[in-house]
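Observations on the model geometry
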Amino acid sequence: PKTPKPQCFEIIIMDPIENERKPVILLADDEPFQRLFLVDILEGCNYEVVVAENGLQAMEQMRNENNEFDLLLLDLAMPEMDGLEVLSLMAEDDRL
């Protein structure tokens, strides 16, 4: 059976203005099922999604000069570095 398209807020599913990029979300979650589920929903709502499996990977993605994120979705409980640690490091780093 075909999976129904997720219900999105109107502002999310508006057609992008010509030559504008899609909004980009950094999703950090250590649970593979959660990541797949959220990526499927977010991409269905016309977002570009970059995935990190833990807070360290999320920090690497954010420090990469080629990346520009509009929104971060951080799991609070992850191995190596949790979402709250990521937020603390972001507060200390003027580039983020």
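It should be emphasised that the depicted structure is a prediction, and the values quoted were computed from it without experimental measurement. Numbering of residues begins from 1 in every chain and follows the order in which that chain's sequence is written. Side-chain atom pairs in this predicted model are given and counted only at pLDDT of 80 or more, local residue features only at pLDDT of at least 70, and totals for whole chains, interfaces and linings cover all residues. Only hydrogens and water are set aside; all other atoms, that is, all heavy atoms of the structure, feed into the side-chain values.

Here we look at the sheet that holds strand 3 (residues 71-74)
Keep this limit in mind: Any two strands are treated as partners once DSSP identifies two or more bridges connecting them. By definition, any uninterrupted DSSP run of H or I lasting at least four residues is a helix, any uninterrupted run of E lasting at least two residues is a strand, and each is numbered from the N terminus. Between N-to-C directions, angles cover 0 to 180 degrees, with each direction set by a line fitted to C-alpha atoms, over the stretch in contact for helices. Between two residues, a contact is recorded if the distance between any of their heavy atoms is within 4.5 Å.
Here we have 3 strands laid out as an open sheet, ordered 2-1-3, and parallel in their pairing. The sheet terminates laterally at strand 2 (48-52) and strand 3, the two strands that pair on one side only. On average, each strand axis in the sheet is inclined to that of its neighbour by 20 degrees, with strand direction left out of account. Summarising the sheet, strand 1 (residues 24-28) and strand 2 pair through 5 bridges and their orientation is parallel. Among the inter-strand pairings, Leu 26 is bridged to a residue of strand 2, identified as Val 50. Lying over the sheet, helix 3 (residues 55-63) contacts strand 1, strand 2 and strand 3, oriented at roughly 155 degrees with respect to strand 1.

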